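Summary of the model geometry
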Amino acid sequence: MMQTWAILLDSYRELNHRRLFWIALALSFLVVVAFAIVGINDRGITILHWTLESRAFNTSLVSETAFYKIMFVGLGIKFWLAWIATILALITTAGMIPDLVSSGSIDLMVSKPISRARLLLTKFAGGLLFTALQVTVFTAASFVVIGVRGGSWEPGLFLAIPLVVLFYSYLFSFCALVGLITRSTVASLLLTLLFWMVTALLWGGMVGVNMGRIANRLEIQAIERIMEERTTERGERADLSKLQADLEWQEKARWWWERVGTGFEWTVTFLPKTTATIEVLEKQLIARADLPEAADAGPPQPMFGGQRVRPRVLGQALQEDMKRFTPVWVIGTSVGFQALLLGLGVLIFSRRDY
Amino acid sequence: MTGSALELHRVSKVFRGRVHALRDVELTVPRGAVFGLLGPNGAGKSTLVKILTTVVRPTRAEGTMLGEPLGRRSVLARVGYLPEHHRFPQYLTGRQLVEFFGAMARTPRALRRRRASELLELVGMRDWADKRVTTYSKGMQQRTGIAMALVNDPELVILDEPTDGVDPVGRREIRDVLVRMRSEGRTVFLNSHLLSEVEMVCDSVAIMVQGRVVSQGTIDALTAHSRRFEVTFLGLDDSTLRVGDRELAVEQDGDLRRVRLPAATVEEVQPVIDHLRARRALVAGVRDMRESLEETFIRAVRDPATGRALPPGAIQGRAAGTSAPPPLGNTIAPQGTSPSARPSEGGSST
């Protein structure tokens, strides 16, 4: 344990030495302060002592408590922690592993009685310290703001700490592996940002393709239903040629939707799910911290849809379909990928000569 | 303590399947000695040190370090190491650095704190202990590095170019620290280019050339073959002296004349002195001479076939046009006497 604590303390000192660490922490604090000075009353939005009067947006629409909780999830988690703070964290910590394995530094570390696997994994954990500290400060301050200003003390908010750190760990494991292989901070940072973008796009792509697949399925069902109704009504006189042509086209399209959808799902299953993890957090906060449904986006807006399927029906079907991706699946498969990357990193680190 | 701190057998390292950095290195370092590893650039010294400290994995290695099989990580808790071209974390102070690496070597907290203070004082860094390493000069970093290497109270201290970048006063102080380490019973493994320093502090040395140990032993043993006596006198004009069955060339050295007796013993010198006195010459001096470590080193790294220095760097496969270095062990063939030979320790002069 002595060595583990020493590495973690050293990681803290390393982060502490970087100005960006304190800048990011100060920015986090400022975001919470901004939270605190904005409020809502029966006349509209308040900023300190001023009120921006609004008939559309006041406590008749959303309570003061709900207002702060929505701000916490919508702005604090989804915007600040999941985007801006994560990018700042990556910039700050991207150099940790390349610095560890740089010439002249690595000799000092690996010549000590500690296994290389433990050394790398502890250093990795040290890198997560940054995000852990950021999220802890942000969540604790938000907890106080929601308690004092919103009048609701919600310990469930602290669930944000492990889940945001977990979300960050997916990216940092990739960053660490690239840093270990290339020994370059810039390469590891840029490739991680690219990787993050790709995983987010793939997740979005999978959701989009799922939507198309469901729309296609519902469209086929609708056409078949209409054809059946018309046949029942008009018998042999019914003109089904256009419907038949549509059905044939949709059947052909189904073949493609199924294959593309399966391809996306397999790919996404293998990769970490950054977007989905934040969605898991959001859903958990809605459930545990008594967040109003308004914080939830509601059924996804369908991008696809035929003439015969109503968007609302399609949205609900998609929402129902997305329940397949349970929190356990989202987190389990993401952690699996992370474990794979770290395992590969440990293997490379253990076998490499420095 | 008795026995060897290091026993290495058949240590080899081949990088990427073709660069032979080390070839069947055989080495013994006695406990409690200051041992110097010498060699030109690219001879494989640092690779050997990195194998000892598990930074590099050997292709093949047998042997023990502090009585435990080579490569066993637990033994590193009893080893101190200062690498060449080290890069200390710039965000740490000297004290934090020493304490951090003490913790990494599993030194209990109270002990490492106490030792950090003592050692920083020992290396003359007490006043700078709480300043960031980034403010240190190269010499100050080396001193701090030595404190770092000693924080876990090691039995074996491996120092790779410890005086690199250190001023002459600092070098002297580091030499004193090395001597002190020896008096404390530690084994010091010193990797250095500075032959004069090695000569001053090391009990025994090994010379590596192109990945092989070509010579090892005490400095006296390595230079013994070059021992000779030099007799200077006044009063004879002969160009040669015939003493018994030996014919010695007489050299002019200002007013003095000089004869040399290669690989002679004290007993062999006596007839020469008797001969000179019998012929009424005045014996001005008798000096016991031997080659310097530098000369021994230069000869070891020279290609015996061409007389030129062997190319630096590891051998890639069988390098064309290069001869194999001289064979293993203390077996450097004696050469002719050198005018720059030094008097040996305890050499007599009358």
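Let me sum up the structure you'll find in this document. No experiment lies behind these values; they were computed from the predicted model shown.

**Quick word on the overall build of chain B**
For chain B, the count of helices and strands is 9 helices and 18 strands. Expressed as a percentage of the 350 residues in chain B, the buried residues total 50%. Accessible surface, chain B as shown: approximately 15700 Å² in total, 49% of it carbon and sulfur.

**Some thoughts on the sheet that holds strand S3 (residues 34–38) of chain B**
Residues and elements named next belong to chain B. If you trace the 6 strands from one edge of the open sheet to the other, you get S6-S7-S8-S3-S9-S10, paired in mixed fashion. Looking at the sheet topology across the chains shown, the edges are occupied by strand S6 (79–82) and strand S10 (212–218). With strand direction ignored, the average angle separating the axes of adjacent strands in the sheet is 15°. Sheet strands touched by helix H1 (residues 45–52): S3, S6, strand S7 (156–160), strand S8 (187–191) and strand S9 (204–209). Its angle to S8, the strand with the most contacts, is close to 145°. Across the face of the sheet, helix H9 (residues 293–300) comes into contact with S3, S9 and S10 while running at roughly 25° to S9.

**A few points about the pairing of S3(B)**
All names here are of chain B. Counting buried positions along S3 gives 5 out of 5 residues, so the element sits mostly inside the fold. Alternating residues of S3 divide into Val-34, Gly-36 and Leu-38 and Phe-35 and Leu-37, and every residue in both groups is buried. Pairing of S3 with S8 involves 4 bridges; the strand directions are parallel. Within the sheet, the bridge partner assigned to Val-34 lies in S8 and is Val-188.

**Details of the interface of chain B and chain A**
Facing 33 residues of chain B, the contacting portion of chain A comprises 30 residues. Carbon and sulfur atoms make up 58% of the surface buried where chain B meets chain A, a total of about 2700 Å² over both sides. On the surface where chain B and chain A come into contact, there are 2 salt bridges. The salt bridge involving Asp107(A) is made with Lys50(B); its shortest N-O contact spans 3.5 Å. The tally of links from chain B across to chain A stands at 14 residue pairs in polar contact (both at pLDDT 80 or more). Looking at the side of chain B that touches chain A, the elements that each hand over two or more residues are strand S1 (4–15) and helix H2 (94–104) of chain B.

**A word on the pairing of S6(B)**
Residues and elements named next belong to chain B. A two-sided burial pattern is seen for S6, the buried positions comprising Val-79 and Tyr-81 on one face and Gly-80 and Leu-82 on the other. The sheet contact formed by S6 and S7 spans 4 bridges and is parallel. Across the sheet, the residue bridging to Leu-82 is Leu-159, located in S7.

**A look at a nonpolar patch on the surface**
All names here are of chain A. A cluster of nonpolar side chains, namely Ile-23, Leu-27, Phe-29, Leu-30, Val-33, Ile-37, Ile-47, Leu-48, Trp-50, Leu-52 and Val-137, defines an oily patch on the protein surface of about 990 Å² accessible area. Those elements that place two or more of their residues in the nonpolar patch are helix H2 (19–37) and strand S3 (50–53). With 6 residues, H2 is the largest single contributor of residues to the nonpolar patch. Topologically, Val-33 is positioned in helix H2. Judged by relative accessible area, which is 34%, Val-33 ranks as partly exposed.

**Quick notes on empty space enclosed by the protein**
Residues and elements named next belong to chain A. The full count for this structure, using the stated rule, is 4 cavities of 30 Å³ or more. Volume-wise, the largest cavity comes out at about 60 Å³. Every residue lining the largest cavity is listed: Leu-120, Leu-121, Phe-124, Ser-173, Ala-176, Leu-177, Leu-180, Leu-341, Leu-342 and Gly-345. If you list the elements that add at least two residues to the lining of the largest cavity, you get helix H6 (116–150), helix H7 (160–182) and helix H12 (327–351). Looking at which element gives the most residues to the lining of the largest cavity, the answer is H7, with 4 residues. Residues that form the lining of the largest cavity fall into these classes: 8 nonpolar, 2 polar and no charged.

**Topic: the side chain of Glu154(A)**
Assignment of secondary structure puts Glu154(A) in the loop between H6 and H7. A distance of 2.7 Å separates the side chain of Glu154(A) from the side chain of Lys69(A), its partner in a polar contact.

**A short note on the nonpolar core**
Membership of the largest hydrophobic core comes to 177 residues, with the highest contact counts inside it found for Phe72(A), Phe349(A), Met65(B) and Phe189(B). When residues of this core are assigned to their parent elements, the largest contribution, 17 residues, is made by H7(A). Look past the residues within four positions of Met65(B) in its chain and what remains in contact with it is Ala5(B), Leu6(B), Leu52(B), Leu70(B), Val75(B), Leu76(B), Val79(B) and Leu156(B). In this structure, Leu248(B), Val259(B), Leu261(B) and Val269(B) belong to the second largest nonpolar core, which totals 16 residues.

**Quick word on unusual backbone geometry**
Residue and element names in this part refer to chain A. Of note, Leu-48 is a non-glycine position whose phi angle comes to about 50°, a positive value. Relative to the assigned elements, Leu-48 resides in the loop between strand S2 (44–47) and S3. Residue Leu-48 is classed as exposed on the basis of its relative accessible area, which comes to 52%. Even without a glycine there, the phi angle at Arg-183 is positive, about 60°. Of note, Arg-183 is situated in the loop between H7 and helix H8 (185–234).

**A few points about the sheet that holds S2(A)**
Residues and elements named next belong to chain A. Pairing in this open sheet of 3 strands is antiparallel, and the strands run S1-S2-S3 from one edge to the other. On the outer flanks of this sheet lie strand S1 (38–41) and S3, each paired with one strand and no other. The mean inter-strand angle of the sheet, taken between neighbouring strand axes irrespective of direction, is 30°. Relative to S3, S2 runs antiparallel, the two being bridged by 4 bridges. Within S3, the residue paired with Gly-44 across the bridge is Glu-53. Across the face of the sheet, helix H3 (residues 64–93) comes into contact with S1 and S2 while running at roughly 145° to S1.

**Overview of the packing of helix H1 (residues 2–17) of chain A against H6(A)**
Helix-helix packing: each pair is described by the crossing angle between the helix axes and the interaxial distance. Residues and elements named next belong to chain A. Contact pair H1 / H6: the axes reach a minimum separation of 9 Å and the direction vectors enclose 45°. Classified by the angle their axes make, H1 and H6 are oblique. Crossing geometry of H1 relative to H6 is assigned as right-handed. Contact residues: Gln-3, Thr-4, Ile-7, Leu-8, Asp-10, Ser-11, Tyr-12, Glu-14 and Leu-15 in H1; Arg-118, Leu-119, Thr-122, Lys-123, Ala-125, Gly-126, Leu-129, Phe-130 and Leu-133 in H6.

Conventions adopted
- Once a new chain begins, its residue numbering starts again from 1 and follows that chain's sequence as written.
- Note on labels: chains are lettered from A, ligands numbered from 1, in written order.
- Local features in a predicted model are, by the rule used here, given only for residues with pLDDT of at least 70; side-chain atom pairs are given and counted only at 80 or more, and totals for whole chains, interfaces and linings are based on all residues.
- Heavy atoms from the whole structure form the basis of all side-chain values; hydrogens and water molecules are not counted.
- Put simply, DSSP marks the helices as runs of H or I at least four residues long and the strands as runs of E at least two long, and each gets a number from the N terminus on.
- The classification of residues rests on relative accessible area computed with a 1.4 Å probe and restricted to protein chains. Under 20% of the type maximum is buried, over 50% is exposed, and intermediate values are partly exposed.
- Residue burial considers only the protein chains on display, and all accessible areas are found by Shrake-Rupley using a 1.4 Å probe.
- The criterion for strand pairing is that DSSP finds at least two bridges linking the strands in question.
- The axes used here are C-alpha line fits, helices contributing only the stretch in contact, and every angle between their N-to-C directions lies in the interval 0 to 180 degrees.
- In this description, contact between two residues means that some pair of their heavy atoms is separated by no more than 4.5 Å.
- Buried area adds together the accessible area that both of two parts lose upon being put together, with accessible area traced by a 1.4 Å probe.
- Should a side-chain nitrogen of Lys or Arg be within 4 Å of a carboxyl oxygen of Asp or Glu, the pair is scored as a salt bridge.
- Contacts described as polar in this section are N or O atom pairs within 3.5 Å, which, within protein, must combine one atom able to donate a hydrogen with one able to accept it, while residues neighboring in sequence count only if both atoms come from side chains.
- Patch definition: residues with relative accessible area over 30% and no salt bridge; like charges joined within 9 Å; nonpolar side chains (Val, Leu, Ile, Met, Phe, Trp, Tyr) joined within 5 Å.
- A cavity here means a set of points on a 1 Å grid, drawn over the protein atoms and nothing else, where a 1.4 Å probe fits but cannot get out; a pocket is an open set with protein on both sides within 12 Å along at least five of seven lines, and a residue lines either one if it has an atom within 4 Å of a point.
- Grid points are joined across faces, edges and corners, and a volume is the space filled by probe spheres set on the points.
- Residues are grouped as follows: nonpolar covers Ala, Val, Leu, Ile, Met, Phe, Trp, Tyr, Cys and Pro; charged covers Asp, Glu, Lys and Arg; every other residue, Gly included, is treated as polar.
- The nonpolar core is taken to be a set of buried Ala, Val, Leu, Ile, Met, Phe, Trp, Tyr and Cys residues, with the residues joined through side-chain atoms within 4.5 Å.
- The cut-offs work like this: below 35 degrees is roughly parallel, past 145 is roughly antiparallel, 65 to 115 is roughly perpendicular, and the gaps in between are oblique.
- Crossings are classed by handedness, with left-handed meaning an anticlockwise turn of the near helix from the far one by less than a right angle and right-handed meaning a clockwise turn.

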